[in-house]
Amino acid sequence: MEVKERKMQKNKAFQSKTAKTFFEGAIYFALAFCFSAGKTVTGVQPFGVSLIAVSKNKNIIFSFLGSVLGYLIGGIDIGFARYLASAVLALIGAIAANAFDLNSRPFFPAAASFFSVFVCSFTVNIKLQCAFNQYIVSFAEALLCFAGAFFFYKSINSNYKRVRLPALPVYDQTCIIISLSLLLLSLSYFRIENISPAKIIAIAAVLLTLRLYNLKLGMIAAIAAGFSVSLSKGGELFMLGALALAYLLAALFFEFSAFSSGVVFICAVSFFCIASESTNAFPFFEEALAGDLIFLLFPSKLNRKIEDLRQNGESDDSSLRQSLVLKLRFASSAMAAISESVDAVREKIDEITRNENEAKRSSISEEEYLRREIILEKTNQIRSVASDQFYSISGMLEDLAFEFDEAETFDSEISKKIRNLLFEHGIFPESISAVRDKYSRMRVEILLDNSENTADFPDLEEEIGKICSRYFEKGILTNLKNEKMISFFEKPNYKISFGFAQHTAEGKLCGDTVKIINNCKGRCILIISDGMGKGSRAALDGAMGAGLISKLINAGFGFDTALKVVNSALFVKSNDESLATLDIASIDMFTGKCEFYKAGAPLSYVLKSGKVLKCELSSMPAGILRGVEFAKKNAVLKPGESVVLLSDGLCELGEEWLEKALLESESLPPQERADLIIKEAEEIMQGKKTDDMSIIIAKSERN
């Protein structure tokens, strides 16, 4: 059965792939037919050859066959032979480009199309002994073929599949519009009683760009369409100016209503038709009137879809943010309720099992009774940790809700400008978020596919800074599973220079773990975690405490929530007692505000112009009891002032010595101060029993 299912799946996949190939091939065939069948005012028709040259893989043969059929419409004569030979040369060039990977840039396909037409045309001219002006026409036709191939190549290889047309950079938009105008030029050859259906559709399409509110895109389309239709038949050059000016006037009146815009457009076209005195003026007026009516009578449902394109898939950021905040807070409340329910069930189960154990006490030995009590206590602890984890998740969701709520605005206009900047450098982001918080600080986050390479664009933060009119720090790269994110944060007012040093009391592993984080949100975070005891076991506890809390803070969770998770992790790590102190200083590099968070940690110091201020708070370390909380205190750092975090090994030497050492070394850089203090401490404690010693010194400086 499994073998049959696999065969069926393979057959379905093959059929789907085959259908897709033929559908794509049919499009290339139809386009090649149209490009080769249509003629310009001078009678040349080079664009079928252009399409063959830029086609890839299986589409090459479809383009070739479509072009040959299109050229065959004009009859079998010397002209057909010339274009057939050009198509064959272009076919050979396209096959060679695919075989040797020469079509990564537009130059080779465009050059191949140029020489295909150039060689065949000049050969025929020499054979027929044509006049000199015919050679000029042949050279101009080869140039047209080169230009057509270039624009076709850029259109085919633009990222229109990944992003909507209005979000593409102007360069790609222009190439696509010119390619469509060349198609219009070819289709204009097909007429019904001197009226071209292709022109009617083109005029309607140009007017419908008004609903995108993109005047630049519309003007490009109007000029390109006017140019192509003016080349399709002699005496129609006035159409170029007519379409461009009529569109511009229609755009000015579109803010009043679509009807007034349509009326102004047809009035402007009628003025040009009367002034031109051309025999083609009346047919063009009829075509413009028909296109205008299509624009005015276009179904409202389809109009809304066109207007939705300009949003580029983005919704109202403020309402989206509020909706997300509400959902996160609802989920947080739900998790808190689950935690309370689990805690209530835990207490009930613990009460029942202890009563059962007490009831059996008379019938079992004292040793068995104690063993059961120990098992019940450990089981109860594990259940309590489960309850705490639900509560921690609740806190995490609340932290995320708070962070989204803090973001005052998501600037979609800046996001679009940054997207266009990246497009111009060949970088195609999955999403871009430009966020201003309640303090008007800006953060830009760019989500990219892992295949995207930004190494060729090293000054990204400078270019983004110009768009945002701000200075940004160097981008921080975060690698995700299948994607990567580059985060830019506005350059703060202060920078932090820091130094740290350690002394290991036993073995090679220090029981203290030091972490220094710049969270790309204008904060520098200093962490010391001191594991219980010395050696490898203390090092494990300290590393676990500092490692977990730093990862959670980096992920955007608050300090209190992160402490709960660390406490639960240490609580169930082993049967033996396992604890770690946590000493954290969070410095806001915009304002200089420093927040201290202590869980069982010793005192810290703030050094202000020759004065030593102590920060000492009573608290419990993580890993002993449930419900551990940080003790908190605030200070403000000005330029030149420092904050000092210590482990308790240094505090054992006495506050007086430590304060004196800090003041005497005040003129030194932070790293030299840290090294000097640890060295002096080692000399004082030489030959004595010591604990692990760690120090972090962070100095605030004007950025």
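The coordinates are above.
Presented here is an overview of the structure given in this document. Residue numbers restart at each chain and count upward from 1, following the sequence in its written direction. Per-residue local features of the predicted model are confined to residues with pLDDT of at least 70, and side-chain atom pairs are confined, for both listing and counting, to 80 or more; whole-chain, interface and lining totals are unaffected and use all residues. Calculated side-chain values reflect all of the structure's heavy atoms, with hydrogen atoms and water omitted.

Further remarks concern the nonpolar core. Among buried residues, the Ala, Val, Leu, Ile, Met, Phe, Trp, Tyr and Cys ones that are joined through side-chain atoms within 4.5 Å form a nonpolar core. For the exposure calls, accessible area comes from a 1.4 Å probe over protein chains only, and a residue counts as buried if that area is under 20% of its type's maximum, exposed if over 50%, partly exposed in between. One finds Ile 203, Leu 207, Leu 210, Phe 265, Val 269, Phe 284 and Phe 295 to be the most contacted residues of the largest nonpolar core, which totals 35 residues. Note on conventions: DSSP H or I runs of at least 4 residues are helices, E runs of at least 2 residues are strands, and numbering of each starts at the N terminus. Elements with a minimum of two residues in this core: helix 7 (170-187), helix 8 (197-208), helix 9 (215-232), helix 10 (238-253), helix 11 (258-276) and helix 12 (281-296). If one sorts the elements of this core by residue count, helix 9 sits on top with eight residues. Contact criterion: two residues are considered in contact whenever any of their non-hydrogen atoms come within 4.5 Å of each other. Every residue in contact with Leu 210, bar those within four places of it in the chain, is listed here: Tyr 247, Ala 250, Ala 251, Phe 254, Ser 261 and Phe 295. Core analysis: the next-biggest nonpolar cluster, separate from the first, contains 22 residues, Ile 553, Val 566, Ile 584 and Ala 622 among them.

Judged by pairing direction, the sheet is antiparallel, and its five strands sit side by side in the order 7-8-9-10-13 without closing on themselves. Edge positions in the open sheet fall to strand 7 (512-518) and strand 13 (631-636), since each of these has one partner strand only. Pairs of neighbouring strands in the sheet enclose a mean axial angle of 15 degrees, with direction left out of account. Across seven bridges, strand 7 lies against strand 8 (residues 523-531) in antiparallel orientation. In the sheet register, Asn 518 faces strand 8, and the bridge partner there is Cys 524. Criterion used throughout: strands pair if DSSP finds at least two bridges between them. In this analysis, axes come from line fits to C-alpha atoms, helices being fitted only over the stretch in contact, and the angle between any two N-to-C directions falls in the range 0 to 180 degrees.

What a helix is expected to span follows from its residue count: subtract one and scale by 1.5 Å. Here helix 11 spans 27 Å end to end across 19 residues, near enough to the 27 Å set by a 1.5 Å rise per residue. All of the buried residues along helix 11 are Ala 258, Ser 260, Ser 261, Gly 262, Val 264, Phe 265, Ile 266, Ala 268, Val 269, Phe 272 and Cys 273.

Take the pairing of strand 12 (residues 611-615) next. Across five bridges, strand 11 (residues 604-608) lies against strand 12 in antiparallel orientation. For Lys 608, the partnering residue across the bridge sits in strand 12 and is Lys 611. Following strand 11, the chain reverses through two residues before pairing antiparallel with strand 12; Ser 609 in that reversal takes a positive phi of roughly 35 degrees.

One non-glycine residue, Asn 57, adopts positive backbone phi at about 55 degrees. Looking at the secondary structure, you find Asn 57 in the loop between helix 2 (47-54) and helix 3 (59-72). Phi at Asp 101 takes a positive value of approximately 55 degrees, unusual for a residue other than glycine.

In contact at an axis separation of 7 Å, helix 2 and helix 4 (residues 78-99) are set at 15 degrees when each is read in the N-to-C sense. Here helix 2 is positioned roughly parallel relative to helix 4, judged by the angle of their axes. In terms of crossing hand, the pair formed by helix 2 and helix 4 is right-handed. Across the interface between the two elements, Val 49, Ile 52 and Ala 53 of helix 2 pack against Ser 86, Ala 87, Ala 90, Leu 91 and Ala 94 of helix 4. Partitioned by chemical class, the residues of the contact of helix 2 with helix 4 number seven nonpolar, one polar and no charged. In this scheme, roughly parallel covers angles under 35 degrees and roughly antiparallel covers those over 145, while 65 to 115 is roughly perpendicular and the rest are oblique. Helix crossings fall into two classes, left-handed where the near helix is turned counterclockwise from the far one by less than a right angle and right-handed where it is turned clockwise. Charged means Asp, Glu, Lys or Arg here, nonpolar means Ala, Val, Leu, Ile, Met, Phe, Trp, Tyr, Cys or Pro, and polar covers whatever is left, Gly included.

Below, the discussion takes up the pattern of salt bridges. In what follows, salt bridge is the name for a side-chain nitrogen of Lys or Arg lying within 4 Å of a carboxyl oxygen of Asp or Glu. Overall, the coordinates contain 14 salt bridges when judged by the stated rule. Linking Lys 466 and Glu 463 is a salt bridge whose minimum nitrogen-to-oxygen distance equals 3.9 Å. Of this pair, Lys 466 and Glu 463 are both found in helix 17 (residues 460-468), three residues apart, which corresponds to roughly one turn of the helix. By relative accessible area, which is 60% here, Lys 466 ends up exposed. Residues Asp 560 and Lys 632 are paired through a salt bridge, measuring 2.8 Å at the closest nitrogen-oxygen approach. Remark: Lys 632 occurs in strand 13 and Asp 560 occurs in helix 19 (residues 559-571); sequence separation between them is 72 residues.

Turning to the sheet that holds strand 6 (residues 494-503), a few remarks are in order. Spatially, the five strands line up as an open sheet ordered 6-15-14-11-12, and their pairing is antiparallel. With partners counted over all chains shown, the strands left at the sheet margins are strand 6 and strand 12, one partner each. Pairwise comparison of adjacent strand axes, ignoring direction, gives a mean angle of 20 degrees for this sheet. Of the strand pairs in this sheet, strand 6 and strand 15 (residues 693-702) are connected by 10 bridges, and their pairing is antiparallel. From the neighbouring strand, Gln 502 faces strand 15, where its bridge partner is Ser 694.

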